[in-house]
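# Breakdown of the fold
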Amino acid sequence: MAVMTVAELRARGFGYPWVRTALHWGAITRVRRGLYARPWACRDLLLATAHGGTLACVSAARHLGLWVLDDATEVHVWLPSRHCYKHDGCECIEHWDDGRSGVGTMAPPVRQILRQILHCRGVEEFGA
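These numbers were taken from a predicted model, which means no experiment stands behind them.

### What to know about the packing of aromatic side chains
Think of a pair of aromatic rings as described by two things: how far the centres are apart, and how the planes are tilted against each other in angle. Per the counting criterion, the structure on display carries one aromatic pair. Ring geometry for Phe14 and Trp18: centres 4.3 Å apart, planes at 35°, overall tilted. The partly exposed category is assigned to Phe14, whose relative accessible area is 30%.

So this is what it looks like as C-alpha cells:
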C-alpha cells in the first residue's frame, strides 16, 4: 500500500520504534497525523490523503490510466465525511457523493469515477 494508517502498520507488526526509524531513514513519510506514505506514492494521492480522503473524478481516472481531456493540476478528492483538512497550497476539489471512500485508498470503483466526472466536469468530458 502506498499510504498506511498507524493501525494498519501496527496490524502488520510495525510499532512506534519502527515508524520513528523508518521516518528517519526516509522509508516512509508523514502525510498528516496518523497517516504515513511510502516514498513511491504519487503526488496526487499524497495531496488527497493530506486533504482527508482519496482520489476522485478526473484525478482518479488519470491515476488509473484512463484518458481525460486535460492535464489540470488540481486534485479531486473523495471525502468519507464532511470533514476535510486544508493543507499548504490546497487547491483540492472536494467530492462527497454516495459510496464508501476511505483515506489514502488508491481510487473509487470506475463506475463511481465516471459518475463523478459526469457531475463535476459535464457530459463532454464524461463522454471522452
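So, next bit.
### Details of the sheet that holds strand β5 (residues 76-78)
Judged by pairing direction, the sheet is mixed, and its three strands sit side by side in the order β4-β5-β6 without closing on themselves. Two strands in the sheet have a free side with no partner beyond their single neighbour: β4 (54-55) and β6 (93-95). Taken together, the two bridges between β4 and β5 define a ladder with antiparallel strand orientation. Opposite Thr54, over in β5, you have Trp78 as the bridge partner.

### Comments concerning the sheet that holds strand β1 (residues 3-5)
As summarised here, the arrangement of the three strands in space is β1-β3-β2, forming an open sheet in which the pairing is antiparallel. This sheet does not close on itself; its edge strands, each paired only once, are β1 and β2 (29-32). Each strand axis lies, on average, 35° off the axis of its neighbour in the sheet, ignoring direction. Where β1 meets strand β3 (residues 35-37), three bridges bridge the pair, whose relative direction is antiparallel. Residue pairing in the sheet places Val3 in a bridge with Ala37 of β3. Where helix α3 (residues 43-51) meets the sheet, its contacts fall on β1, β2 and β3, and the angle it forms with β2 comes to roughly 50°.

What counts, and where the lines are drawn
- Residues numbered from 1 in each chain as written.
- Predicted model: local features only at pLDDT ≥ 70, side-chain atom pairs only at ≥ 80, totals over all residues.
- Heavy atoms only, no water.
- Phe/Tyr/Trp six-rings, centres within 6.5 Å; stacked < 30°, edge-to-face > 60°.
- Buried < 20%, exposed > 50% of the residue type's maximum accessible area, 1.4 Å probe, protein only.
- Pairing = 2+ DSSP bridges.
- Helix = DSSP H or I, 4+ residues; strand = E, 2+ residues; numbered from the N terminus.
- Axes fitted to C-alpha atoms, helices over the stretch in contact; angles between N-to-C directions.
- Contact = heavy atoms within 4.5 Å.

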